[in-house]
Structure formats: C-alpha cells, structure tokens
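Chain residues, written in single-letter form:
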Amino acid sequence: MVNHPASRWPASSFLLCCAQPQVAETLGLLTVPHFLQLYASLEEALDAAVARPPYLRDELVLAPTLTAAATARTDLRLRLELRGELLHLAVRDDSPRPLLPVTVPDPEAEGGRGLWLVEHFARAWGVNRHPHGGKVVWCALTL
C-alpha cells in the first residue's frame, strides 16, 4: 500500500475514520484493517489516538558485508516501529531488482527463505518502490 508507514519513511502516523460503506468494503478487501485500524467515527479515532501508548521507532543504516544475502549487499536502511501489538519492520535498499518469494524453500540453498518466512508469519507485507530509487520491503508482525 502506497501510504503504509514503511513505504516512504513518514514522520507521523495517521488514522482512518468515517469511511463510506463502499470505501470500507474496498479497504477490507485490500486487507488494510490487518495493519491499519478503520474507525467508524472521528470521535472513536481520536479516543484511540489519545489512549494509544506511545510507540518506539529506530532506524539503522547497515553497511554491506560479505555475509549479507547477495541481493542485500547494497547499503541498507532498517526501520523498526513498535506500535501497540504490532511490530513494523521495513528494509530499504538501492537495488531496483524485484524480490520474488518462493513457494517452497530449498533447505540446501544459500538463500530464498527470507520472504517465505515473512509471507508465512507477517500479518501483512509488501514491496514498494522508493521515490529516490530502490525499494522498501515492509511487514507487520503481531506480537
């Protein structure tokens, strides 16, 4: 999703509220409620914002190493955000190369298990192009 918190390293979060029934249904089909709560009213959204505990966020710049996965040997940025019961992870690299998950990982292969694990354990995940080049791979995990 283009406006997912990990897609462009935003400075603030947002709340969704008061969606028309057709919009709410479409958001549900897109699985948006799995990682972004949809509130019925503005009052309900504001109450949730005030009651929500503060979240933790950190970002690391990781240098390339020989032991890193082959596709991750460009400079990386790792962002972690803990919000409520969800842990949001995002990795940005400068590579335009698309990532493709495997259906069944080969236990003998050197790679190919990362996205398989994300796909099986994440509540939601995706890959977005970054406006300055490269891509952002993100996921949300339930604690």
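Residues numbered from 1 in each chain as written. Predicted model: local features only at pLDDT ≥ 70, side-chain atom pairs only at ≥ 80, totals over all residues. Heavy atoms only, no water.

## Describing the nonpolar core
Alright, step 1. In terms of nonpolar packing, the biggest core is built from nine residues, these being Leu 27, Val 32, Phe 35, Leu 36, Ala 90, Ala 124, Val 136, Trp 138 and Ala 140.
Alright, step 2. For this core, the element with the most residues is strand β7 (residues 135-142), which contributes three residues. (Core = buried A, V, L, I, M, F, W, Y, C linked by side-chain atoms within 4.5 Å. Buried < 20%, exposed > 50% of the residue type's maximum accessible area, 1.4 Å probe, protein only. Helix = DSSP H or I, 4+ residues; strand = E, 2+ residues; numbered from the N terminus.)

## Description of the pattern of salt bridges
Alright, step 1. Evaluation of the coordinates by the stated rule reveals five salt bridges.
Alright, step 2. Where Glu 59 meets Arg 79, a salt bridge forms, and the shortest distance between an N and an O atom there is 2.8 Å. On the criterion of sequence distance, the pair formed by Glu 59 in strand β3 (residues 56-62) and Arg 79 in strand β4 (residues 76-83) is long-range, its members being 20 residues apart.
Alright, step 3. With a relative accessible area of 28%, Glu 59 lands in the partly exposed category.
Alright, step 4. Bridged by salt links that share partners, the residues Glu 59, Arg 77, Arg 79, Glu 81 and Arg 83 form one connected network. (Salt bridge = Lys/Arg side-chain N within 4 Å of Asp/Glu carboxyl O.)

## Structural notes on the environment of Arg 83
Alright, step 1. Relative to the elements of secondary structure, Arg 83 occurs in strand β4.
Alright, step 2. Taking the relative accessible area as the measure of exposure, Arg 83 reaches 12% and is therefore buried.
Alright, step 3. A distance of 3.1 Å separates the side chain of Arg 83 from the side chain of Glu 81, its partner in a polar contact. (Polar contact = N/O pair within 3.5 Å; in protein donor to acceptor, adjacent residues only side chain to side chain.)

## Observations concerning the pairing of β4
Alright, step 1. Relative to β4, β3 is paired through seven bridges, and the arrangement is antiparallel. Bridge pairing in β4 places Leu 56 opposite Leu 82.
Alright, step 2. Summarising the sheet, β4 and strand β5 (residues 86-93) pair through eight bridges and their orientation is antiparallel. Counterpart to Leu 78 in the pairing with β5 is Val 91.
Alright, step 3. What sits between the antiparallel neighbours β4 and β5 is a turn of two residues, in which Gly 84 has the positive phi angle 60 degrees. (Pairing = 2+ DSSP bridges.)

## Observations concerning the sheet that holds β7
Alright, step 1. The strand order β3-β4-β5-β7-β6 describes an open sheet built from five strands, whose pairing is antiparallel. This sheet does not close on itself; its edge strands, each paired only once, are β3 and β6 (124-129). Each strand axis lies, on average, 15 degrees off the axis of its neighbour in the sheet, ignoring direction.
Alright, step 2. Pairing geometry for β6 and β7, over six bridges, is antiparallel. Along β7, the bridge assignment pairs Arg 129 with Lys 135. (Axes fitted to C-alpha atoms, helices over the stretch in contact; angles between N-to-C directions.)

## Points about the environment of Ser 95
Alright, step 1. Inspection of the secondary structure assignment puts Ser 95 in the loop between β5 and α3 (114-121).
Alright, step 2. A sequence separation of 39 residues divides Ser 95 from Gly 134, and the C-alpha atoms of the two residues are 4.7 Å apart.
Alright, step 3. The contacts of Ser 95, once residues within four sequence positions are left out, are Thr 74, Gly 134 and Lys 135.
Alright, step 4. A distance of 3.1 Å separates a polar atom in the side chain of Ser 95 from the backbone nitrogen of Arg 97. (Contact = heavy atoms within 4.5 Å.)

## Here we look at the confidence of the model for the chain
Alright, step 1. Averaged over the chain, the pLDDT score is 78; the fraction of residues at 70 or greater is 81%.
Alright, step 2. Taken element by element, the predicted model of the chain shows its lowest mean pLDDT in β3 (80) and its highest in β7 (91).
Alright, step 3. This stretch, residues 1-12, has a pLDDT under 50; its non-local contacts, to residues over four places away or in other chains, come to 31 contacts. (pLDDT = per-residue confidence, 0-100.)

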